[in-house]
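One-letter residues, chain by chain:
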Amino acid sequence: MRRGRRALLVAACAAAVWLAGCAGIGPSAPQGERLSGRLSVRVEGDAARNFNAAFELEGSSESGQLSLTTPLGIQLARADWSPRQVRLRSSDGERLYPDLESLAADALGERVPLAALFDWLHARPWPGAPSVGQPLGFSQLGWVIDVSRRAEGWVEARRAALPVVSVRAKLDDAP
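An account of the accompanying structure is given in this report. Just so it is clear, the structure is predicted and the values come from calculations on it, not from any experiment.

1. A short note on the side chain of serine 102
Inference 1: For serine 102, the position within the fold is in helix 2 (residues 100-108).
Inference 2: Residue class for serine 102 comes out buried when judged on its relative accessible area of 11%.
Inference 3: Of the polar contacts made by the side chain of serine 102, one reaches the side chain of aspartate 99; its length is 2.7 Å.

Shown next, in the form of structure tokens:
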């Protein structure tokens, strides 16, 4: 698989891990909790890194697994994580990462604040950094989190710094 395609899968895995948490489960979801929906990642100015997939997530931010599939149900990638490591499996083989932030860094070229993202998806700012209220949600750590359609299953996060990254998720079962 070309590096660009692998980067898309890695970006989608990183995004889905935090976006799927918006279904209203607590920050430490019980093992076996399963969420599914659709995911879209858009990197402005780099159409080759844009990605859409269906996802299934089980677990929590501490440990779990994520599968990404095409609309026809063909598995694109699967990520499994624990406090010790993250394993990404795709048609390109298997890659190991020490943590979810490293997986995101491989995809986006920089670290993404995944510790904050799990709080963001529960419509609350992360307590580890200052935040500012916005008309549709809040901003924190350079990201604007739109939770205005959370009751319908939609969550969007947008980073304004270059490259501008937008991540949207639509859950099959809204909270």
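2. Considering the pairing of strand 4 (residues 75-81)
Inference 1: Among the 7 residues of strand 4, 5 are classified as buried, and the element is accordingly described as predominantly covered.
Inference 2: When strand 3 (residues 64-69) meets strand 4, the two strands line up antiparallel, connected through 6 bridges. Directly across from leucine 68, in strand 4, lies its bridge partner alanine 77.
Inference 3: What sits between strand 3 and strand 4 in their antiparallel hairpin is a turn of 5 residues, with glycine 73 showing a positive phi close to 90°.
Inference 4: Alignment of strand 4 against strand 5 (residues 86-90), held across 5 bridges, turns out to be antiparallel. Looking across to strand 5, one finds that aspartate 80 is bridged to arginine 87.
Inference 5: Hairpin geometry of strand 4 and strand 5 is characterised by an intervening segment of 4 residues between the two adjacent antiparallel strands.

3. Regarding the pairing of strand 2 (residues 51-59)
Inference 1: Bridging between strand 1 (residues 34-43) and strand 2 involves 8 bridges; their strand directions are antiparallel. Bridge assignment links leucine 35 to a residue of strand 2, and that residue is leucine 57.
Inference 2: Relative to strand 3, strand 2 is paired through 6 bridges, and the arrangement is antiparallel. From the neighbouring strand, phenylalanine 55 faces strand 3, where its bridge partner is leucine 68.

4. Concerning unusual backbone geometry
Inference 1: Residue leucine 162 is joined to proline 163 through a cis peptide bond whose omega torsion reads -10°.
Inference 2: As for its placement among the helices and strands, proline 163 is situated in the loop between strand 10 (154-159) and strand 11 (165-171).
Inference 3: Positive phi values are uncommon outside glycine, yet leucine 141 reaches one of about 55°.

5. Focus: the side chain of serine 67
Inference 1: Here serine 67 shows up in strand 3.
Inference 2: Within the structure, serine 67 has its side chain in polar contact with the side chain of glutamine 75 (distance 3.1 Å).
Inference 3: Setting aside anything within four residues of it in sequence, one finds serine 67 in contact with Ala54, Phe55, Glu56, Gln75, Ala77 and Arg78.

6. Topic: the sheet that holds strand 10
Inference 1: Pairing in this open sheet of 11 strands is antiparallel, and the strands run 6-5-4-3-2-1-11-10-9-8-7 from one edge to the other. Both outer strands of the open sheet, strand 6 (93-97) and strand 7 (131-134), are each paired with one neighbouring strand and no more. Each adjacent strand pair in this sheet contributes to an overall mean axis angle of 20°, direction not counted.
Inference 2: Two strands pair when backbone bridges link them, and strand 1 and strand 11 are joined in this way by 7 bridges, in the antiparallel orientation. Note that in strand 11 the partner of valine 43 across the bridge is valine 165.

7. Quick notes on the pattern of salt bridges
Inference 1: Counting across every chain of the model gives 7 salt bridges.
Inference 2: We note a salt bridge from glutamate 44 to arginine 42, for which the minimum N-O separation is 3.8 Å.
Inference 3: Judged by relative accessible area, which is 31%, glutamate 44 ranks as partly exposed.
Inference 4: Of the charged contacts, one joins arginine 87 and glutamate 94 as a salt bridge, the two residues approaching to 2.6 Å between their closest N and O atoms.
Inference 5: On the accessibility criterion, glutamate 94 (45% relative accessible area) is partly exposed.

Analysis parameters
- Residues numbered from 1 in each chain as written.
- Predicted model: local features only at pLDDT ≥ 70, side-chain atom pairs only at ≥ 80, totals over all residues.
- Heavy atoms only, no water.
- Helix = DSSP H or I, 4+ residues; strand = E, 2+ residues; numbered from the N terminus.
- Buried < 20%, exposed > 50% of the residue type's maximum accessible area, 1.4 Å probe, protein only.
- Polar contact = N/O pair within 3.5 Å; in protein donor to acceptor, adjacent residues only side chain to side chain.
- Pairing = 2+ DSSP bridges.
- Contact = heavy atoms within 4.5 Å.
- Axes fitted to C-alpha atoms, helices over the stretch in contact; angles between N-to-C directions.
- Salt bridge = Lys/Arg side-chain N within 4 Å of Asp/Glu carboxyl O.

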